[in-house]
Amino acid sequence: MSATIRPSELPEPGADPSAPAAVVPPRSAVSGADVVAPLAEPGDGGLADGVIPVGVMPAGVAETDPERLARIALTRVFGPEHQRVAVEVGRRGAARAWAELRAAHPGVDPLRDLDAASRVGARLLCPQDSEWPIELDALDRLRDEGDGSAVGAPLCLWVRGPGDLREIASRAVAVVGCRAATSYGLHLAGEIAFAMAEQGWAVVSGAAFGIDAAAHRGALAATGSTVAVLAGGVDVPYPAAHVELLAEVARTGAVVSEVPPGTPPFRRRFLTRNRLIAALCRGTVLVEAGLRSGALNTVAHARRLGRQVMAIPGPVTSVTSVGPPVAPRPPGADRTGHRG
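Small disclaimer: the values here were computed from a predicted structure and weren't measured.

## Remarks on unusual backbone geometry
Phase 1: Note the cis peptide between Tyr-238 and Pro-239, where omega equals -5 degrees.
Phase 2: Along the chain, the position of Pro-239 falls in the loop between strand S7 (226-229) and helix H8 (243-252).
Phase 3: The phi dihedral of Ala-207 falls on the positive side, at around 65 degrees, and the residue is not glycine.
Phase 4: Structurally, Ala-207 can be placed in the loop between strand S6 (202-205) and helix H7 (211-221).
Phase 5: Overall, the relative accessible area of 1% leaves Ala-207 in the buried class.
Phase 6: With a phi angle near 55 degrees, Thr-223 is a residue other than glycine that sits in the positive phi range.
Phase 7: Its place among the elements puts Thr-223 in the loop between H7 and S7.
Phase 8: Looking at Thr-223, the relative accessible area reads 72%, which means it is exposed.

Below, the structure is given as structure tokens:
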């Protein structure tokens, strides 16, 4: 019999010791949306009894499934880094897990998040949906090595844009690198993304400054498909300077997040977000990165998933050329690429 999760046993909801990556005012309809009727209390037709108020998705589909609504609520209360919640959902189902926790979080209303998503043209994806990328399931099979890297598959995804994620993931490659990229790196990232898009591959990245943005723009220039995976909500453009770039990605591809609309991008979330970039793709191309670059975190996830890792050589005099030789090394190899 599975252990019951109780509020006292779980991390403080929404707690994150890291400050937000930047002061970015949430551009979500949540803040200005009309308050939807709150969830009923247990025993009066709420989640515990399987009777849920109805929300309307962008496509006009009524959301009444207790499991789906519970996944939204749990994602709102506990960030993706709280893997114990996902483990309990896998054991007992989201509706049962949320029914036991809901009384402690009366202000959480999944219908409000659905309404906010609808206002920005986003949709909800859950496992078992026809559009759910099966590649993400591999995240649940990773062994916990005690380093916090084994955060599993997301409870749900929010998607803004016409791109079908399952179809995209079957022919996707990640192009990642440092923010402080050189002109050489930006040029190559754009050229690689353009060439991949011309050959029918979708380009996935994180919409950050530098290599990420160059990759998205290269794919868009080839009228190809590109996906931006964000650390905040799909309605919170980050960095703010990329609001137009993200809007263009959403017009032709997809902007994706595992956190609800209106959520700001906390620093820790960039690392948990990176596992999605790696898992969605058949391979990852690292263009430029220093030894402390977050792009190496994406490469580490790709390697643990058994996905192809590729790197671009750069000038030996550039600090952004230090990361790529490290990236493709096989498990057990040291930083020079040799096994110990």
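Having put the structure on the table, let's press on.
## Some words on the packing of aromatic side chains
Phase 1: This structure, assessed with the given rule, holds 1 aromatic pair.
Phase 2: When the ring of Tyr-238 is compared with that of Phe-270, the centres are 5.6 Å apart and the planes differ by 55 degrees; the resulting orientation is tilted. Within this pair, whereas Tyr-238 is found in the loop between S7 and H8, its partner Phe-270 is found in helix H9 (residues 267-280), the two being separated by 32 residues in sequence.
Phase 3: According to the relative accessible area criterion, Phe-270 is buried, its value standing at 12%.
Phase 4: Here Arg-179 stacks its cationic end above the ring of Phe-270, 5.8 Å away from the centre of that ring.

About the thresholds
- Residues numbered from 1 in each chain as written.
- Predicted model: local features only at pLDDT ≥ 70, side-chain atom pairs only at ≥ 80, totals over all residues.
- Heavy atoms only, no water.
- Helix = DSSP H or I, 4+ residues; strand = E, 2+ residues; numbered from the N terminus.
- Buried < 20%, exposed > 50% of the residue type's maximum accessible area, 1.4 Å probe, protein only.
- Phe/Tyr/Trp six-rings, centres within 6.5 Å; stacked < 30°, edge-to-face > 60°.
- Lys NZ or Arg CZ within 6 Å of the ring centre and 35° of its normal.

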